[in-house]
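Descriptive analysis of the structure
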Amino acid sequence: MAEIIAPEGKAPAPTMVCPTWAPAAKDAVGTALGKSRLWFTVAQGIVTEVYYPRPDIPQLKDLGFIVGDDAGFWVEVRRLGSYAVTWLDEVIPAVTITHRHERFTLTLKICADPERDVLLVDFVLLGEPALQLYMLAAPRIGEDAFNNCAWTGDWAGRQVLWAEQGPFGLAIAAVDRAGAQALQQRSVGCVGESDGWQDFQRSGGMRAHYAEAGPGEVALTAQLTRAGTLALGLSSSREAAATLALQSLAEGFGTAWTAYEAGWRQWLDGVHFPPTLSAKLSAESARLLRRSATVIKCHEDHTFPGAFVASLSVPWGESSSSRGGYHLVWARDLVETASALVALGCLVDARRILVYLIGTQQADGHWLQNQWLGGKPFWQGIQLDETAFPVLLAGALAERNALEDVRIRDMVRRALAFIVREGPVTCQDRWEEDTGVNTFTVAVAIAALVEGSPFLDGCEAECALMVADFWNANLEEWTWAADTTLARSLGVLGYYMRSAPADVLIHDGAKVEGLLVKNRAQDFEPEADEQLAIDCLQLARFGLRAVDAPEMTASVKAIDALLKTETPNGPVWHRYNGDGYGEHPDGAPFDGWGKGRGWPLLTGERGHLALLAGDDVQPYVAAMTRMTGPGGMLPEQVWDSEAIPERGLYPGRPSGSAMPLVWAHAEFIKLALSAAAGTPVDRPTRTWTRYQGKRPALDYALWRPRQRVRQLLVGRELRFLLPEAARVHWGTNGWKDPADVLTEDWGLGHVARLPTAGLAAGVSVEFTFYWPARGEWQGEDFHITVIAEPAP
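Presented here is an overview of the structure given in this document. (Residues numbered from 1 in each chain as written. Predicted model: local features only at pLDDT ≥ 70, side-chain atom pairs only at ≥ 80, totals over all residues. Heavy atoms only, no water.)

1. Thoughts on the overall build of the protein chain
Counting secondary structure elements, the protein chain contains 19 helices and 32 strands. The globule rule puts the C-alpha radius of gyration for 792 residues at 28 Å, and the 30 Å found for the protein chain is close to it. Counting only C-alpha atoms, the protein chain reaches 105 × 55 × 55 Å along its principal axes. In the protein chain, once contacts between residues fewer than 6 apart in sequence are set aside, the share between residues at least 24 apart is 69%. Accessible surface computed for the protein chain: about 28,000 Å², of which carbon and sulfur atoms make up 51%. (Helix = DSSP H or I, 4+ residues; strand = E, 2+ residues; numbered from the N terminus. Rg over C-alpha atoms; globule rule 2.2 N^0.38 Å. Contact = heavy atoms within 4.5 Å. Areas by Shrake-Rupley, 256 points an atom, 1.4 Å probe, with all protein chains shown as cover.)

2. Focus: helix α10 (residues 439-452)
It helps to recall that an α-helix has 3.6 residues per turn; residues three or four apart then point in one direction. Compared with the 20 Å implied by 1.5 Å per residue over 14 residues, the 20 Å span of α10 between its first and last C-alpha is a close match. Of all 14 residues in α10, 14 are buried, a share of seventy percent or more. Its side-chain oxygen 3.0 Å from the backbone nitrogen of F440, N438 forms the N-cap of α10. (Expected span 1.5 Å × (residues − 1). Buried < 20%, exposed > 50% of the residue type's maximum accessible area, 1.4 Å probe, protein only. Polar contact = N/O pair within 3.5 Å; in protein donor to acceptor, adjacent residues only side chain to side chain.)

3. Description of the layout of surface pockets
By volume, the second largest pocket amounts to about 750 Å³. Taken together, 28 residues make up the lining of the second largest pocket; nearest its centre are N474, E477, R695, Q711 and L713. Within the residue set of the lining of the second largest pocket, elements represented by two or more residues are α11 (458-473), α12 (475-479), β23 (700-703) and β24 (711-713). In terms of residue class, the lining of the second largest pocket is built from 18 nonpolar, three polar and seven charged. (1 Å grid on protein atoms, 1.4 Å probe; cavity = no way out; pocket = protein on both sides within 12 Å on 5 of 7 lines; lining within 4 Å. Points joined across faces, edges and corners; volume = space filled by probe spheres on them. Nonpolar A, V, L, I, M, F, W, Y, C, P; charged D, E, K, R; others polar.)

4. Points about the packing of helix α9 (residues 409-422) against α10
One way to put it is that α9 packs onto α10 with a least axis distance of 10 Å and a crossing angle of 140°. As the angle between them shows, α9 and α10 are arranged oblique. Crossing angle aside, the handedness with which α9 passes α10 is left-handed. Contacts from V412, L416, I419 and V420 of α9 reach α10 at A445, A448, L449 and G452. Residue composition of the contact of α9 with α10, grouped by class: seven nonpolar, one polar and no charged. (Axes fitted to C-alpha atoms, helices over the stretch in contact; angles between N-to-C directions. Parallel < 35°, antiparallel > 145°, perpendicular 65-115°, else oblique. Left-handed = near helix turned anticlockwise from the far one by under 90°.)

5. Let's talk about the sheet that holds strand β28 (residues 744-745)
Spatial strand order, β23-β25-β29-β28: four strands in an open sheet with mixed pairing. Across the chains shown, the open sheet's two edge strands, defined by having one partner strand only, are β23 and β28. Alignment of β23 against strand β25 (residues 717-722), held across four bridges, turns out to be parallel. Within β25, the residue paired with L702 across the bridge is R719. On the sheet, α11 packs against β23, β25, β28 and β29 (750-754) and is oriented at approximately 95° with respect to β23. (Pairing = 2+ DSSP bridges.)

6. Points about the side chain of S248
Positionally, S248 belongs in helix α2 (residues 238-251). Polar contacts involving the side chain of S248 include one to the side chain of D113, which spans 2.5 Å. Apart from residues lying up to four places away in sequence, S248 is in contact with D113, R116, V118 and L120.

7. Quick word on the packing of aromatic side chains
If you walk through the whole model with that rule in mind, you get 33 aromatic pairs. Both rings, one in W264 and one in W267, keep their centres 6.0 Å apart while their planes meet at 85°; by these two values the pair is edge-to-face. Of this pair, W264 and W267 both sit in helix α3 (residues 253-268), three residues apart, which is roughly one turn of the helix. The class of W267 is buried, set by a relative accessible area of 13%. Considering the side-chain rings of W703 and F769, the 5.4 Å spacing of their centres and the 40° angle between planes classify their relative orientation as tilted. Separated by 66 residues along the polypeptide, W703 in strand β23 and F769 in strand β30 (residues 764-771) bring together distant segments of the chain. (Phe/Tyr/Trp six-rings, centres within 6.5 Å; stacked < 30°, edge-to-face > 60°.)

8. Remarks on the nonpolar core
Counting residues in hydrophobic clusters, the biggest one holds 260 residues, and the most contacted among them are L119, M135, L393, W703, F720 and F767. Element by element, the count of residues in this core is highest for helix α18 (residues 662-677), at eleven residues. By size, the runner-up hydrophobic cluster in this structure holds five residues, among which are I66, L136, F200 and M206. (Core = buried A, V, L, I, M, F, W, Y, C linked by side-chain atoms within 4.5 Å.)

9. Let's talk about the packing of helix α6 (residues 331-343) against helix α8 (residues 384-399)
The geometry of α6 relative to α8 is characterised by a closest axis approach of 8 Å and an angle of 20° between their N-to-C directions. By the angle class used here, α6 and α8 are roughly parallel. Relative to α8, α6 is oriented so that their crossing is left-handed. Along its contact with α6, which presents A331, R332, V335, E336, A338 and V342, the element α8 presents D385, E386, F389, P390, L393 and L397. A class-by-class count of the residues in the contact of α6 with α8 yields eight nonpolar, no polar and four charged.

10. Side note on unusual backbone geometry
In most cases, non-glycine residues show a negative phi, while peptide bonds are predominantly trans. In the segment running from G214 into P215, the intervening peptide bond is cis, with an omega of 5°. Examined against the element boundaries, P215 turns out to sit in strand β16 (residues 210-216). Following G423, the chain continues into P424 via a peptide bond in cis, with omega recorded as 0°. In this fold, P424 is placed in the loop between α9 and α10. At N519, a residue that is not glycine, the phi angle is positive and equals roughly 60°.

11. Considering the environment of A739
Position of A739 among the secondary structure elements: in strand β27 (residues 736-742). Residues contacting A739, with those up to four places away along its chain left out, are V728, H729 and W730.

12. Structural notes on the pairing of strand β21 (residues 564-567)
Taking every second residue as pointing to the same face, the buried face of β21 carries T565 and T567, while none of K564 and E566 on the other face is buried. Bridge analysis of β21 against strand β22 (residues 570-573) gives four bridges, and the strand direction is antiparallel. Bridging from a neighbouring strand, T567 pairs with G570 of β22. Here β21 folds back onto β22 in antiparallel fashion, the turn holding two residues.

13. Observations regarding the pattern of salt bridges
Pairs can form between side chains of opposite charge once their charged atoms are near each other. Under the defined criterion, the tally for this structure stands at 55 salt bridges. The shortest N-O distance in the salt bridge between R498 and D429 comes to 4.0 Å. Residue R498 is located in the loop between β20 (494-496) and α14 (537-541), and its partner D429 is located in the loop between α9 and α10; the two are separated by 69 residues in the primary sequence. Each member of the pair, R498 as well as D429, carries the same accessibility label: buried. A salt bridge links R541 to D682, with the nearest nitrogen and oxygen atoms 2.8 Å apart. One end of the pair, R541, is in helix α14; the other, D682, is in the loop between α18 and α19 (685-691), and 141 residues separate them in sequence. The same class applies to R541 as to D682, namely buried. (Salt bridge = Lys/Arg side-chain N within 4 Å of Asp/Glu carboxyl O.)

14. Quick word on helix α1 (residues 196-203)
Among the residues of α1, G196, Q198, D199, F200 and S203 are the ones counted as buried. A distance of 3.0 Å separates the backbone nitrogen of W197 from a side-chain oxygen at the start of α1, and that oxygen is part of D195. Just downstream of α1 lies G204, where phi reads positive at about 80°.

Distances and angles like these do not, on their own, reveal function.
Here you go:
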């Protein structure tokens, strides 16, 4: 086929594009601990997704390679499937990739320049002399692919490839081993029509040489020398990016690699791995522990210190055009990460997280469901545990005298005020789905009220503890399901429900209301008391219930029977029955619905329960270790059905979900360290001490407008917690002997206490409210019946 030469020509564009991302399952992630503001990932043996100037702004979809002989033979190395990825000393994210083919070996060494916003790739092609190396790059400048423009050009006498959109520019340059230019043939094109891959597909070689492409989804192509260094620079313009790339090339790959390594070694020197670990972990698990610390650190932003994204990946990215993916901040994931760092002795890193959280707390005290690194909201939900978790972090750092000059009282007070005002109901559970009373969420909220109380004054602290104790005492009334169809089928008396509808706080019968299961192709809304989740394990982990309490024992038996799947790599647990978040049964990517899969991090949560029960934790540690991908990182989910080789899905191995998941790596760190310590390393100390696994016995009942006590045990005081000052007008048995009680301001609410302890069983207590600030009565009467203490 004749060569197409169009030095000034513009590449043809397809009529329509639907740009997606690279596969979610990564083999490596990396960033320099220096001045650089660049992050990279590796998957399928190539660079996938480069982020700049923050890890929530992807600027490149992928950077791959083709090997060909210009005589009809060519192969895109990412499709070979025969490659090895190694990290420097197994834990430093300086990555070496080796591709092997019967006709060649291609070795790539990848790092970021610590001094500049430049990705460096050192390359060596060995094999038959006729073979040549070609580069393919797919920019996503400005976070999307619809308005990118690309050019071939020269800058400062050097040949470059350029792409640009808005305030961002990208430039690629390369040199050979002697420092001479290594970009030989060059072309730019539009994906799907005139890109380099299409050129090879049609002609078996590089024939097109377009000088300009876009606006649209563009691609860059170049023939390289067989050995050299490629530099990809990012900056505020294509010219500035080219200058950075050329500077890095001038300084040399070896210099950058050495400085990159030194930065990571300095940070790792401050990570504390207990000496007892060597006797408790296999070599593979010990390696994963060290690598998990690195993986977590790779996800921290450099512009907003303390902000860690959930993952440098987009779940099922090859079929997704999502702008957000997981390169966003969730307060829950952030504190789960911080608690792992605290356990590793990385208190400075954890304190930066707390400072970031203080800076992004909302005016009413809560945190956003998730957000861009700068604090702008992405999704709009509210999850009560995400308001509670930052308080736990503040308490953990205070306990270790690690707050330094960070002032936390205002943050804690506003957070606890929000929890008291909105709880125990959450608008969304931790899986970002249903409204209701969820055991995981309530456990974290109770712990926050207890851990945060020392930072409050007088009545505020008393109010926080009063609410925490009452919620803890009523967990079974609200969330325990007994003698259900599911319980009978599992051979248990009952279990803690996935979530109880919010009406459970108001009236009887709410537990049989429908609870929507999302991520399903069709509406699926079974009764709430027929749904089971693994979330209740947090009750034991935080010391609210003993691991051998009858309700916990029955729930764990049900969880293991219904939500556990055995895989060749060990057991894995599902989030809840009926979950639809995962691949389709045929292995097709999740596209809004599918079938829920097993989560390695839940294996970690189940392992913590085993630790509390005195069981061997090593099977859980080993299972998580074996569920890692080729690069030794933990995924969000693993495949747990029959193998589908054509889709790369094998039981116990990573699925197409996000990998790495920072939360999963944090959970592994805590499981490994908890095994060494003999107790959960993230347990909140005051909460554990206050409850010691026992349901508190209270001498009062607490009535609130959104939490209406319907019965009062003999000998108990009736208390009211109201949002504003009020006069409680009350009487007994048809408004006999009416009286008034004024509320007192307890900081987090207004409290009234009725002298009901002396009332006999069968007495009816009637009451209503007058609101002075509004100058009006409630307009509604309420009543509670006094009942005798049930027989043991």
